[in-house]
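Architecture and fold: a report
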Amino acid sequence: YGINLASITPLYKHALDADLFFVRNEGGELTLKAAHSERSGALKAFLAGRSPELLKGETQRFEIQNQVHELRIEPVKEQSLDGLGPIYVGYLANIDTLSKALDNAIRNGFVFVLFALLLMQAVLYWVIRHPLARMRKVISLLPLLARSKYEDVQEALDGMPSNEHYRDETDQLADVTR
């Protein structure tokens, strides 16, 4: 029994948006036997001089007319009945759109992460800005405490804003100087 390979390939293109083709190992080189594609000439040129051992089970990427394509060739499990050697089935898929979409997603992810990092730094600065300012003020007052100038320290601390709900060490220092 036999299968007309040329009748199968258009179905594959329609169903999977890829080109199915069949090749045979003739004298250690791949020879295109059946393909239904507008790229069959480029495919024939790509296969010329290539050994099936180099392509068997490995996905190859190459460009046809400035678009990225993926090519994979696998041996058919059942050998042909005509005795001419093994036949290989392969597919050729245009992955240019997918490749560009992936590149775009990576670029957008990088921009998002960069924006999130900058936003996080801004929020962190906003959160610690007030406590750091209070600490700088207290540090500048420590030499006055060492010289026992409590009135000057009290005046400086009275001018600092305070929060009744969140009393910190600066508020306690102000209470001690009173």
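Look above for the structure.
All of these numbers come straight from a predicted model, not from anything done at the bench. (Residues numbered from 1 in each chain as written. Predicted model: local features only at pLDDT ≥ 70, side-chain atom pairs only at ≥ 80, totals over all residues. Heavy atoms only, no water.)

Concerning the overall build of the protein chain
- Within the protein chain, the secondary structure is distributed over 6 helices and 5 strands.
- The N-to-C order of helical and strand elements in the protein chain reads α-β-β-α-α-β-β-β-α-α-α.
- Here the protein chain holds 178 residues, and 25% of them are scored as buried.
- Put simply, of all contacts in the protein chain between residues at least 6 apart along the chain, 44% involve residues at least 24 apart.
- For the protein chain, the exposed area adds up to about 12,600 Å²; of that, 59% sits on carbon and sulfur atoms. (Helix = DSSP H or I, 4+ residues; strand = E, 2+ residues; numbered from the N terminus. Buried < 20%, exposed > 50% of the residue type's maximum accessible area, 1.4 Å probe, protein only. Contact = heavy atoms within 4.5 Å. Areas by Shrake-Rupley, 256 points an atom, 1.4 Å probe, with all protein chains shown as cover.)

Brief notes about helix α2 (residues 40–47)
- Those residues of α2 not exposed but buried are L43, F46 and L47. Down the axis of α2, the buried set is contained in an arc of 95°. They therefore lie on one face. In α2, the exposed positions angled more than 90 degrees off the buried face are occupied by K44 and A45.
- Following α2 by one or two positions, G49 has its phi on the positive side, about 80°. (Arc of directions from axis to C-beta.)

Examining the pairing of strand β2 (residues 29–35)
- Sheet topology places strand β1 (residues 19–26) next to β2; 6 bridges connect them, and they run antiparallel. Each residue of the ladder has a partner; that of R24, found in β2, is T31.
- The hairpin formed by β1 and β2 contains 2 residues between the paired strands, and G27 there has a positive phi angle of roughly 70°. (Pairing = 2+ DSSP bridges.)

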